[in-house]
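Reading the structure
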Amino acid sequence: MTKIEWKKDFKPLYFPPAQPVMVTVPPLQYLMIDGHGDPNNNPVYQEAIEALFSLSYTLKFAIKKAEGVEYTVFPAEGLWWEENMAAFSQEHKERWDWTMMVAQPKVVTREWVEQARAEVARKKSNPALARVRLEVYDEGPCAQLMHTGPFSAEGPNIARLHAFIAAQGFERAGKHHEIYLSDMRRTAPEKLKTVIRQPMKKI
């Protein structure tokens, strides 16, 4: 039995300190699905999350049985942006575009994804299922930190991260990225752990 453990193998990417740090994110493959608008109380967003995890867990069990590879499902991640990133604000989530995603080990192929999609579709109807894709995302140089607390309190940490990027002689590039390490259904808001990541490039 081969074991893959993201908490160990990718620890620098998923467990940064509370202070901003620089990291280079290698190309990784993800199940991805796109959407638009405020994620709060949004059935389209909820369907997207359900589709991602239904596929991820179906893949996990099928691959363990067929290939003897055991791994833990990665956490949910989100890319958030709007057309004018200079105006990107938590106060106007209705303007946001988003891509929700879950990283997948290399053993997952498009053929495996299509088999899993068919199996999930047989069990439950979800209109988001057909929109999920497997894609490699190459993020490269980034700055990130660990935010502890509710999403509504992220503002000061986002500002700290942006100031850190500028102080290192870089500028922001790409989409605001968050990684959700806590189960939001079972974790008190003040204890939520969220990685806040921002791609950057040299000025």
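Residues numbered from 1 in each chain as written. Predicted model: local features only at pLDDT ≥ 70, side-chain atom pairs only at ≥ 80, totals over all residues. Heavy atoms only, no water.

**A word on the pairing of strand E5 (residues 76-81)**
The condition is simple: The buried label applies to any residue whose accessible area, calculated with a 1.4 Å probe on protein chains only, is under 20% of its type's maximum; exposed applies above 50%, and partly exposed to all values in between. A helix here means a DSSP run of H or I that spans at least four residues, while a strand means a run of E at least two residues long, and both kinds are numbered starting from the N terminus. A pair of strands is considered paired only if DSSP assigns at least 2 bridges between the two.
Most of E5 is tucked away: six of the six residues are buried. Side chains of E5 alternate between two faces, with Ala76, Gly78 and Trp80 and Glu77, Leu79 and Trp81 buried alike. Relative to strand E6 (residues 97-104), E5 is paired through six bridges, and the arrangement is antiparallel. In the sheet register, Gly78 faces E6, and the bridge partner there is Met100.

**Description of the packing of helix H3 (residues 43-67) against helix H4 (residues 110-123)**
Going by this rule: Axis definition: a line fitted to C-alpha atoms, over the contacting stretch in the case of helices. Angles run 0 to 180 degrees between N-to-C directions. Two helices that cross are described as forming a left-handed crossing if the nearer one is turned anticlockwise from the farther one by less than a right angle, and a right-handed crossing if clockwise. Contact between two residues is taken to exist if any of their heavy atoms lie within 4.5 Å; hydrogens are not considered. Residues were grouped as follows: Ala, Val, Leu, Ile, Met, Phe, Trp, Tyr, Cys and Pro as nonpolar; Asp, Glu, Lys and Arg as charged; and all remaining residues, including Gly, as polar.
Contact geometry of H3 with H4 gives a least axis separation of 9 Å together with a crossing angle of 115°. Relative to H4, H3 is oriented so that their crossing is right-handed. Side by side, H3 and H4 meet where Ser54, Leu55, Thr58, Leu59, Ala62, Ile63, Ala66 and Glu67 of the first sit next to Trp112, Val113, Ala116, Arg117, Glu119 and Val120 of the second. Taken together, the residues that form the contact of H3 with H4 break down as nine nonpolar, two polar and three charged.

**Digging into the pattern of salt bridges**
Spelled out, the test is: We count a salt bridge whenever a side-chain nitrogen from Lys or Arg sits within 4 Å of a carboxyl oxygen from Asp or Glu.
Tallying each qualifying case throughout the model produces eleven salt bridges. The shortest N-O distance in the salt bridge between Lys64 and Glu70 comes to 3.7 Å. Given a relative accessible area of 35%, Lys64 falls into the partly exposed group. With relative accessibility at 24%, the residue Glu70 sits in the partly exposed group.

**Re the pairing of strand E3 (residues 28-36)**
In summary, the side chains of a regular strand alternate between the two faces of the sheet. With seven of nine residues buried, E3 is to be regarded as a mostly interior element. With five bridges joining them, E3 and strand E7 (residues 133-137) adopt antiparallel strand pairing. Paired with Met32 across the bridge in E7 is Arg133. In terms of strand pairing, E3 meets E6 through eight bridges, oriented antiparallel. Residue pairing for E6: Asp34 is matched across the bridge by Thr99.

**Considering the side chain of Thr58**
Examined against the element boundaries, Thr58 turns out to sit in helix H3. We classify Thr58 as buried; its relative accessible area is 16%. Those residues in contact with Thr58 that lie beyond four places of it in its chain are Ala116, Glu119 and Val120.

**Considering the nonpolar core**
As a reminder of what qualifies: We define the nonpolar core as a collection of buried residues of types Ala, Val, Leu, Ile, Met, Phe, Trp, Tyr and Cys that are connected through side-chain atoms lying within 4.5 Å of one another.
Counting residues in each nonpolar core, the largest one holds 48 residues, and the members touching the most others are Leu31, Leu59, Met100 and Val108. When residues in this core are grouped by element, the largest group, eight residues, is from H3. Leaving out residues up to four positions away in the same chain, Leu59 has contacts with Leu31, Tyr71, Gln104, Val108, Trp112, Val113 and Ala116. Counting nine residues, the second-largest nonpolar core is a separate cluster that includes Leu161, Phe170, Ile196 and Met200.

**Structural notes on the packing of aromatic side chains**
Applicable threshold: In this scheme Phe, Tyr and Trp rings, the latter by its six-membered ring, pair at centre separations within 6.5 Å, and the angle between planes marks the pair as stacked below 30 degrees, edge-to-face above 60, and tilted otherwise.
Counted under the stated rule, the structure contains twelve aromatic pairs. Each ring, one from Trp6 and one from Tyr14, has its centre 5.2 Å from the other, and the planes form 65°; the classification is edge-to-face. Judged on exposure class, the residue Trp6 and its partner Tyr14 are both buried. An aromatic cluster of at least three residues, connected via ring pairs, comprises Trp6, Phe10, Tyr14, Phe15 and Phe74.

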